[in-house]
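Coordinate analysis (summary)
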Amino acid sequence: MKDIINVKELKQHILTGISYFIPLVVGAGLTMAIGRVLAGQSLDNLGTSGIGYWMYQTGSLGMQMMVPMLCAYIAFSMGGKPALAPGFIIGWVAQNINTGFIGGMLGGIVVGVVVNICKKYIRLPKSLEVLRGMLIIPFLATAASGLLMYIVIQGPIVWLMGVLTAFLESMSSGSKFIYGGVVGAMATFDFGGPVNKTATAFVNALYAEGIRDAKTVQIIASMIQPFGIAISCLIARNKYTKAEKETLKAAVPMGCFMISEGVIPIAARDLVRVVFACVCGSFVAGGLSMVWGNSSELLNGGFIAFPFFTSPVQGLVCLLIGSVITGVILAVIKKPVTELEEGLEEDLGKELSDEDLDDINIEVM
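Residues numbered from 1 in each chain as written. Predicted model: local features only at pLDDT ≥ 70, side-chain atom pairs only at ≥ 80, totals over all residues. Heavy atoms only, no water.

Details of the packing of aromatic side chains
Using the criterion set out here, one finds 8 aromatic pairs in the structure. Between phenylalanine 101 and phenylalanine 191, the aromatic rings sit 5.7 Å apart at their centres with planes inclined by 75°, giving edge-to-face as the arrangement. In this pair, phenylalanine 101 is assigned in helix H5 (residues 100–121) and phenylalanine 191 in the loop between helix H7 (176–189) and helix H8 (194–208), connecting sequence segments 90 residues apart. Phenylalanine 191 matches phenylalanine 101 in its accessibility class, with the two residues each being buried. A network of ring pairs unites the aromatic residues Tyr20, Tyr73, Phe76 and Phe88 as a single cluster. (Phe/Tyr/Trp six-rings, centres within 6.5 Å; stacked < 30°, edge-to-face > 60°. Helix = DSSP H or I, 4+ residues; strand = E, 2+ residues; numbered from the N terminus. Buried < 20%, exposed > 50% of the residue type's maximum accessible area, 1.4 Å probe, protein only.)

Structure, rendered in structure tokens:
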């Protein structure tokens with residue numbers, strides 16, 4: 001069983017995926033953020049050409065590769081070279097069915113398991129052995145993992161999004177604090193996954209009808225993650241690795257413009273605690289914003305949108321309170337980094353060696 005999936009090594013496989021996609025998140029995220037700054041009040045200001053438009057589009061397209069890259073290198077860590085291409089494909093599937101980075105992690109594990117099963121049970125004559133790793137296993141891993149993603153994972157996600165939408169609609173007629181708190185918590189829950197997507201679709205629909213207080217909650221909640229985690233790092237520096245501290249240097253500027261993906265590498269290492277702390281802070285901030293009736297004239301933009309709030313000061317207060325709550329809670333519940341974990345950071349990931357590549361033959365036709 002261990003040659004198919006070793007549960008004890010799953011964390012290291014996930015860390016390998018994280019190590020490869022951190023540069024993508026930082027590079028694409030900051031490029032996108034600069035383009036967003038140049039857009040000003042609206043992305044429409046960018047037009048269809050020019051430096052701002054090109055930078056925003058480059059960063060935006062790059063961010064779409066985040067989940068496929070995470071999925072691919074988790075699969076590669078588990079199954080080696082034959083798992084890499086299926087991992088990219090299944091990661092793109094996860095991206096398109098709106099499962100977020102959690103779906104990418106699950107997809108990478110699924111691909112790795114399928115590849116390892118194929119390696120163990122598929123045997124070919126020695127003369128055809130090269131086809132096993134370059135043709136048969138990638139095909140079977142892609143087909144089988146893709147079917148699993150659509151049949152097993154997509155259905156529950158669609159059902160969940162429907163249930164959450166109905167839940168939000170029922171909450172809108174009750175307590176404003178609870179309603180705003182739930183919207184805020186959902187907006188920050190899964191870093192772009194189905195719960196976040198449901199909240200975003202819901203508040204955008206309300207915005208189109210002229211109801212804009214829920215959109216303000218979402219804007220504030222989407223910024224709490226990087227700021228809250230940064231505050232936690234300032235309070236308890238011994239609970240973050242050197243790599244995580246470096247990641248925050250890029251994640252915080254990205255968070256100023258509602259790009260929260262910069263903290264995903266940190267969240268993925270300690271998912272439950274990070275999500276819990278972010279949800280607590282966003283719940284309180286969202287509840288306060290809704291009670292105060294603060295609304296936004298802009299759909300997004302982070303700090304760019306704040307001058308267009310009915311009360312920018314209230315928006316800043318909500319953001320500050322939510323970030324501090326997140327930071328304090330996370331500083332308390334997060335475990336200190338051990339020497340072993342810090343050592344793993346220094347040699348994180350599984351690099352492609354000459355041995356990995358020596359059996360790849362490229363012919364020019």
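Examining the environment of glutamine 57
As for its placement among the helices and strands, glutamine 57 is situated in helix H2 (residues 51–64). Each C-alpha atom of the pair glutamine 57 and glycine 79 lies 33 Å from the other, and the pair is 22 residues apart in sequence.

Focus: the pattern of salt bridges
The full count for this structure, using the stated rule, is 5 salt bridges. The closest approach of N and O atoms between glutamate 244 and arginine 269, which form a salt bridge, is 3.0 Å. With glutamate 244 in helix H10 (residues 242–255) and arginine 269 in helix H11 (residues 264–269), the pair connects residues that are 25 residues apart, well separated along the chain. Summarising the burial analysis for this pair, glutamate 244 and arginine 269 share the class buried. The salt bridge partner of glutamate 246 is lysine 249, with a shortest N-O separation of 3.0 Å. One end of the pair is glutamate 246 and the other is lysine 249, both in helix H10 and 3 residues apart, which spans about a single turn. Looking at glutamate 246, the relative accessible area reads 48%, which means it is partly exposed. Because the salt bridges share partners, they merge into one network encompassing Asp270, Arg273 and Lys334. (Salt bridge = Lys/Arg side-chain N within 4 Å of Asp/Glu carboxyl O.)

A word on the packing of H8 against helix H9 (residues 213–235)
One can describe the packing of H8 onto H9 by two numbers: an axis separation of 8 Å at closest approach and a directional angle of 140°. Between H8 and H9 lies a crossing of left-handed hand. The residues of H9 that touch H8, namely those facing Thr200, Val203, Asn204, Leu206 and Tyr207, are Ala214, Lys215 and Gln218. In the contact of H8 with H9, the residues fall into 4 nonpolar, 3 polar and 1 charged. (Axes fitted to C-alpha atoms, helices over the stretch in contact; angles between N-to-C directions. Left-handed = near helix turned anticlockwise from the far one by under 90°. Contact = heavy atoms within 4.5 Å. Nonpolar A, V, L, I, M, F, W, Y, C, P; charged D, E, K, R; others polar.)

Section: a nonpolar patch on the surface
Nonpolar side chains collect at one region of the surface, where Ile235, Phe276, Leu320, Val324, Val328, Val332 and Ile333 lie side by side and expose about 610 Å² of accessible area between them. Tallying contributions element by element places helix H13 (residues 312–333) first for the nonpolar patch, with 5 residues. Its location among the elements puts isoleucine 333 in helix H13. The exposure class of isoleucine 333 is partly exposed, given its relative accessible area of 31%. (Patch = residues over 30% accessible without salt bridge, like charges linked within 9 Å, V, L, I, M, F, W, Y side chains within 5 Å. Areas by Shrake-Rupley, 256 points an atom, 1.4 Å probe, with all protein chains shown as cover.)

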